[in-house]
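As a plain string of letters, each chain reads:
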Amino acid sequence: MPVYPSDPYPYDLPPYIVTTEEMRQIEGRVFRAGMPIAALMEKVGQLLSQRIQELWPQNRYPQLGVLVGPGHNGGDALVVARELMLRGYGVILWHPFRRAKPLTADHLRYAQSLGIPVSPDINDLGHCQGIIDGLFGFGLERPLTGEVLESVSQLNRWQKAVISIDIPSGLDSDRGTVLGGAIKADHTLCLGLRKLGLMQDHALDVIGKLELIDIGLPAKDITAILGDRPPVQCLTPALWQTLPLRRSPSTHKYRQGHSLLVGGSATYGGSILLAALAARETGVGMLSVAVPHHLKPLILGQVPDALVIGCPETKNGAIAQLPGDLDLGRFQGIGCGPGLTTETPAVVDQLLDSSCPLALDADGLNLLAQGDRLSQLVHRKAPTLLTPHGGEFSRLFPSLIQGANRPLAARQAAQETGAMILLKGARTAIANPTGQIWINPESTPALARGGSGDVLTGLLAGLWSQMEPLSATLAATWWHSQAGCLAAQENTVLGVNAWRLTNYLIPALRSHPID
Ligand SMILES: NC(=O)C1=CN([C@@H]2O[C@H](COP(=O)(O)OP(=O)(O)OC[C@H]3O[C@@H](n4cnc5c(N)ncnc54)[C@H](O)[C@@H]3O)[C@@H](O)[C@H]2O)[C@@H](O)CC1
Ligand SMILES: Nc1ncnc2c1ncn2[C@@H]1O[C@H](COP(=O)(O)OP(=O)(O)O)[C@@H](O)[C@H]1O
Ligand SMILES: [K+]
């Protein structure tokens, strides 16, 4: 059973994520090359009809209501309505608009000529088992108002099964924000390429399950438009191909990397342990864990294969300093922050001054936000990764409005600091200083609990010692969420505590399909 659902993404499609303008330009090239708009609409309608019949078999969804907008999203919906009616579904259209684009008007006229009823009153769809949302696509220009907004709210109150074409109507296709109101969909069948708005955390509640429908956009047209700028793309299962990392028969532990984790305190003892348990699963040759002296037995008891460095501690039980003889040059990946507390900035300064690849999380980030550390980061020569969740990000980059567009905020932070930014969330975004962005399209709300970020830090520290930092960061993010998905599948969405998550890291690797 593959960890990630086998159906929603045709992964052979380019994993690009586009803005509305880029989508318009790509489609514009296709039309200028001779593809009639009507032909593409018909093709789109056929593809949507096939998928909807799979999702909604006629015996369970005999009556369908179709919301028909004034633009080409409405045109798509009319092709779908006609095709499903011809296959025996009962279909009724809702179209409260006085005018529509010519192509849409033609399809509306044809649907009526076939006897498909049209009503301006949303209540006439109350008997339907399923609703197909073809109100607005990426052409939505202003918030929904008046009767349209009221009808959308009425529809949402019914809580019927809803499939949205391209994007849920009312959603801004770039920012993922709701413009006045939005259809709450169970499935969104996105056409051609994923829109940036669909990959925003705050849009997830209205999108439902996102599926990409391949409408045959030629790669040459996609790259012609996207080629001159760093792409925004999805993480894909291809990242599994690198895991589990291959090993030569003649290897030895020092060729498999040596990672260091720094953290833990009397206040927060468990987070560094979770990070250590996760780092261990990466197969890293050697794992060192620097904790306040009193935590040494805890770590050794659970991770006997780790080299535990007992550090001098403050009166509050936090690390006072790293041992003077600790040679940071021995490590190819350092993860600092889980449970560290902000008592001893000198620890973070020492790591920042080193030339080691460094991932900062939790209190490591809170210390970074103090003084001029963040502005100094751009001078750091070694690879650096920051892994803030939303709150830590706002403390670090108060001027970046991440709420409206988290991926773009992460990109700006990466370009300002010269560090890679992994902005954690429901759709974690990873940005590198060259401006590229990766968004994780598959995760589970089961991870929304304390400790799961510590597990990610452990994976990062472990993989950074064995892979090139960017590939390691992308692979760790995908691995982390896939393990969460598998754990949720087997223990319900409430059963994925961070400890159990560490026990699903290897099973998740075993369950991913080997190509
Ligand atoms: N561009 C194309 O030819 C294709 C478009 N496709 C479909 O068509 C969609 C884009 O079509 P359009 O560009 O026509 O845009 P939409 O279908 O999203 O609708 C835009 C229309 O709605 C009106 N409108 C916008 N905001 C409104 C509001 N708040 N209240 C009332 N009316 C409002 C506009 O005046 C415009 O007439 C895509 O999302 C996709 O579903 C696909 O069929 C592929 C081909
Ligand atoms: N709703 C959600 N859906 C999917 N993943 C989530 C969701 N909320 C949080 N996560 C993930 O869970 C982890 C939470 O990390 P973090 O907030 O740092 O937790 P902690 O610091 O307590 O370990 C991140 O990897 C984040 O991407
Ligand atoms: K729609």
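Structure shown above.
Residues numbered from 1 in each chain as written. Chains lettered and ligands numbered in written order. Predicted model: local features only at pLDDT ≥ 70, side-chain atom pairs only at ≥ 80, totals over all residues. Heavy atoms only, no water.

**Q** I tried to follow the overall build of the protein chain on my own but got confused; where do I start?
**A** Secondary structure assignment for the protein chain yields 18 helices and 19 strands. For a compact globule of 515 residues, the expected C-alpha radius of gyration is about 24 Å, and the protein chain comes in at 26 Å, within 12% of that figure. When each of the 515 residues of the protein chain is scored for burial, the buried share is 60%. Contacts spanning at least 24 positions in sequence make up 73% of the contacts within the protein chain whose residues lie at least 6 apart. Charged side chains of the protein chain number 41 positive and 44 negative; the gap between the two group centres comes to 2 Å. (Helix = DSSP H or I, 4+ residues; strand = E, 2+ residues; numbered from the N terminus. Rg over C-alpha atoms; globule rule 2.2 N^0.38 Å. Buried < 20%, exposed > 50% of the residue type's maximum accessible area, 1.4 Å probe, protein only. Contact = heavy atoms within 4.5 Å. Lys, Arg positive; Asp, Glu negative; His and termini not counted. Charge placed at Lys NZ, Arg CZ, Asp CG, Glu CD.)

**Q** I'm lost on helix H15 (residues 452–464) in this one. Help?
**A** Note: α-helices contain 3.6 residues per turn, so residues at a spacing of three or four share the same orientation. Between the first and last C-alpha of H15 there are 19 Å, a value that for 13 residues agrees with the 18 Å anticipated at 1.5 Å per step. Where burial is concerned, most of H15 is hidden: 13 out of the 13 residues are buried. (Expected span 1.5 Å × (residues − 1).)

**Q** Before we go on, may I ask you to explain the coordination of the potassium ion (ligand 3) in this structure?
**A** Six octahedral donors around a metal ideally sit at 90 or 180 degrees from one another, while four tetrahedral donors ideally sit at 109.5 degrees. Distances from the potassium ion (ligand 3) to its protein donors, Asn 73 (OD1), Asp 133 (O), Phe 136 (O), Ile 165 (O), Ile 167 (O) and Ser 169 (OG), fall within 2.6 to 3.1 Å. The site at the potassium ion (ligand 3) holds six donor atoms, and with the angles between them running 69 to 172°, its shape is irregular. (Donors = N, O, S within 2.8 Å, 3.2 Å for Na, K, Ca; no water. Tetrahedral: all angles 85-135°; square planar, octahedral: opposite > 155°, others 65-115°.)

**Q** When you look at the site of ligand 2 in this model, what are you seeing that I'm missing?
**A** Around ligand 2, 16 residues are found, and the nearest of them are Lys 424, Gly 425, Thr 444, Gly 451 and Gly 453. Thr 444 places a main-chain nitrogen or oxygen 3.3 Å from a nitrogen atom of ligand 2. Ser 452 places a main-chain nitrogen or oxygen 3.3 Å from an oxygen atom of ligand 2. Here the element with the most residues in the shell around ligand 2 is H15; it accounts for three residues. Taken together, the residues of the shell around ligand 2 sort by class into four nonpolar, ten polar and two charged. (Near = heavy atom within 4 Å. Polar contact = N/O pair within 3.5 Å; in protein donor to acceptor, adjacent residues only side chain to side chain. Nonpolar A, V, L, I, M, F, W, Y, C, P; charged D, E, K, R; others polar.)

**Q** So what exactly am I meant to see when it comes to the packing of helix H3 (residues 72–86) against helix H4 (residues 102–113) here?
**A** Any two packed helices are characterised by how steeply their axes cross, that is the angle between the axes, and by the distance between the axes. With their axes 8 Å apart at the nearest point, H3 and H4 run at an angle of 25° to one another. As judged from the angle between their axes, H3 and H4 are roughly parallel. Considering how the two elements wind past one another, H3 and H4 form a crossing that is left-handed. Between H3, through His 72, Gly 74, Gly 75, Leu 78, Val 79 and Arg 82, and H4, the contact on the second element is made entirely by Leu 103, Thr 104, His 107, Leu 108, Tyr 110 and Ala 111. Of the residues in the contact of H3 with H4, the class split is six nonpolar, five polar and one charged. (Axes fitted to C-alpha atoms, helices over the stretch in contact; angles between N-to-C directions. Parallel < 35°, antiparallel > 145°, perpendicular 65-115°, else oblique. Left-handed = near helix turned anticlockwise from the far one by under 90°.)

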